[in-house]
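Take a look at the letters that make up each chain.
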Amino acid sequence: MRKLLSLIALFAATHAAACTNFIVGKKASVDGSVICSYNADSYGAFMSLAHYPAATHQKGEMRQVFDWDTNRYLGEIPEAEQTWNVVGNINEWQVTIGETTYGGREEMVDSTGLIDYGSLIYIALQRSKSAREAITVMTTLAETYGYCSEGETFTICDANEAWIMEMQGCGADRKSSKERVVWVARRIPDEAICGHANQSRIGRFPLKDKENVKYSKNVIKYARSKGWFSGKDDTFSWKEAYAAPDFTGRRICDARVWSFFKHHASGMDRYLPWVTGLEKDAEDLPLWIVPDKKVSVEDVMNDMRDHFENTPFAIDSTDIGAGIWSMPYRPTPLFFSVDGKKYFNERPTSTQQTAWSFVSQMRSWLPRQVGGCFWYGNDDSNMVAYTPVYCSMTQLPECYNTPGADAVTFSDKNAYWVENWVSNMVYPRYSMLFPSLKEVRDSLQKAYLSQQSAVEAKAKGMTPEAMQALLNDYSIRQAQQMLARWKQLAAHIIVKYNDMAVKPEENGRFKRTPHGLGEKVSRPGFAEGYARKLVKETGDRYAMPQE
């Protein structure tokens, strides 16, 4: 097998139950794009921007398969005769694939399988020219070689269609080698938006709609054989049979999708009983909805930064968990116990454990080399400016693929580490420091979005070779510019907010006294709400004596 020009860095810990995907159909978007997004969330993970160059392969050439989460060698499979260029999670044909892990029934995991969910994604991207072809590639691989991961939901899109597919193995003790996997896929209507976030989302599905629904031949039969389903075929629900939602699946997972829907449609409060997770017979959250107005790429970027603002699940900025400076983040793990009683933290879309994030924009009316714009960030989506990475790129920005940098090796040339450096200063003093980060983030994002049309208009009139050179150069420059600006931001934050005080600025420069020293700092102290809580908790312990 040929060696990859660039490898995905290893996950440092379990990737399961941690990610979020949103999907926008082409008639639901402002400009006719198909849009999908992904927060790759994993505790302690370090990841680089993936790149698999296009290649031709000789008959008999084999591809080694390594588990995406652990890098454990799983085996090898025949290589395809032709593979396509892949950068990040998009290929040169604008096919984009994302995922979230929902787990499902533990006994369905096939420990003997040769293909894990991450390998399915990147092999399919290398072998597919459309979303439908990617579904065929993925299901054929799983059915042929076995699927060794837990239950998974995949987002599979191209410039014309958006699909959601769910897959689980058939256990290691299956009776037939032909019964290795079960799966179902549904096309998202062009006018709709959809999402998934670590909870199986596909319930009942039309068995005869061959154009918009695909499924394995054994999808119902297998559930019957295990005693998990006994009704009529047309009443079969994938998630009720294989991954029935419990409190965690609704409150920790579906609530993220509900919040996304609430950003774009009225009337979503009707599903509050479902996503609170407390009412057993509550109305289920729909698989998709039609938004009240068209959704833009920038909208989806902002959706990925959500902390349940303006909802009943908003991360309380005044309780003790928020600290002195109203942090909308909570430490992991999500669950904790006090005196034998279990508690949980809310789980929003934006989270500190995001290793990388993307918003993929796929456009059918443009040359495919230009049409696929993969907006990429290398940290918590709330803490990054997404930079453009075009699907035809054959070179990578150094900051997204830095020699020597890894999960335990810091490099100031690496976007992951520089962005985490800044965000980890901001988290504990959020209300004080975040405005400085947001100003830089939004300024860069606005600039990248505003430049997009001019760059693409120029590229459209070029030869394929010149077009590729332009887009390579442009994307690399924007990423490296972002890194340089983030280093400036890091320096600015440590100077401005040193020792919990604030140095005054004027016209973007720190003020000095007439004698050349730094101007007197301000000391904001406790916010009023926090001061009141502190006094309530401590009583008169810190009360000043009456004069």
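Residues numbered from 1 in each chain as written. Predicted model: local features only at pLDDT ≥ 70, side-chain atom pairs only at ≥ 80, totals over all residues. Heavy atoms only, no water.

Colleague: How would you explain the pairing of strand β6 (residues 73-78) if you had to name every residue and give the values?
Modeller: Pairing between strand β5 (residues 62-66) and β6: five bridges, direction antiparallel. From the neighbouring strand, Gln-64 faces β6, where its bridge partner is Glu-76. Linking two consecutive strands that pair antiparallel, namely β5 and β6, is a turn of six residues; a positive phi of about 65° is found at Asn-71 within it. (Pairing = 2+ DSSP bridges. Helix = DSSP H or I, 4+ residues; strand = E, 2+ residues; numbered from the N terminus.)

Colleague: Let's hear about the state of the cysteines: which residues, and what values?
Modeller: Between two cysteines, a covalent bond joining their sulfur atoms is known as a disulfide. Counted under the stated rule, the structure contains zero disulfides. Free cysteine: Cys-36, not disulfide-bonded; nearest cysteine sulfur from Cys-157 at 4.1 Å. The exposure class assigned to Cys-36 is buried, which follows from its relative accessible area of 1%. With no disulfide of its own, Cys-194 lies closest to Cys-157 among cysteine sulfurs, the gap being 9.3 Å. You can call Cys-194 buried: its relative accessible area is 0%. (Disulfide = S-S within 2.5 Å. Buried < 20%, exposed > 50% of the residue type's maximum accessible area, 1.4 Å probe, protein only.)

Colleague: So what's going on with the sheet that holds strand β2 (residues 34-41)? Residues and values would help.
Modeller: Read across the open sheet, the seven strands follow the order β16-β14-β1-β2-β19-β20-β21; overall the sheet is antiparallel. Taken across any chain shown, the strands that pair with only one partner, and hence form the sheet edges, are β16 (288-289) and β21 (387-390). Bridge count for strand β19 (residues 354-362) against strand β20 (residues 373-377) is five bridges, and the pairing is antiparallel. Residue pairing in the sheet places Gln-361 in a bridge with Cys-373 of β20.

Colleague: Requested: an account of unusual backbone geometry, with residues and values cited.
Modeller: That bond from Thr-332 to Pro-333 is cis: its omega, 5°, falls within 30 degrees of zero. Within the secondary structure layout, Pro-333 lies in the loop between α7 (297-303) and β17 (335-338). Look at Asn-198: it is not a glycine, yet its phi comes out positive at around 75°. Mapping Asn-198 onto the fold places it in the loop between β14 (193-196) and β15 (213-215).

Colleague: Run through the side chain of Asn-378, naming residues and quoting values.
Modeller: Note that Asn-378 resides in the loop between β20 and β21. Look at Asn-378 and you get buried, because its relative accessible area is 0%. One polar contact links the side chain of Asn-378 to the main-chain carbonyl oxygen of Met-47, over a distance of 3.5 Å. There is a polar contact of 3.4 Å between the side chain of Asn-378 and the backbone nitrogen of Tyr-416. Among residues more than four places away in sequence, those in contact with Asn-378 are Met-47, Ala-355, Trp-356, Val-384, Cys-399, Tyr-400, Ala-415, Tyr-416, Glu-419 and Asn-420. (Polar contact = N/O pair within 3.5 Å; in protein donor to acceptor, adjacent residues only side chain to side chain. Contact = heavy atoms within 4.5 Å.)

Everything listed here is a matter of coordinates, which is why it stays silent on function.
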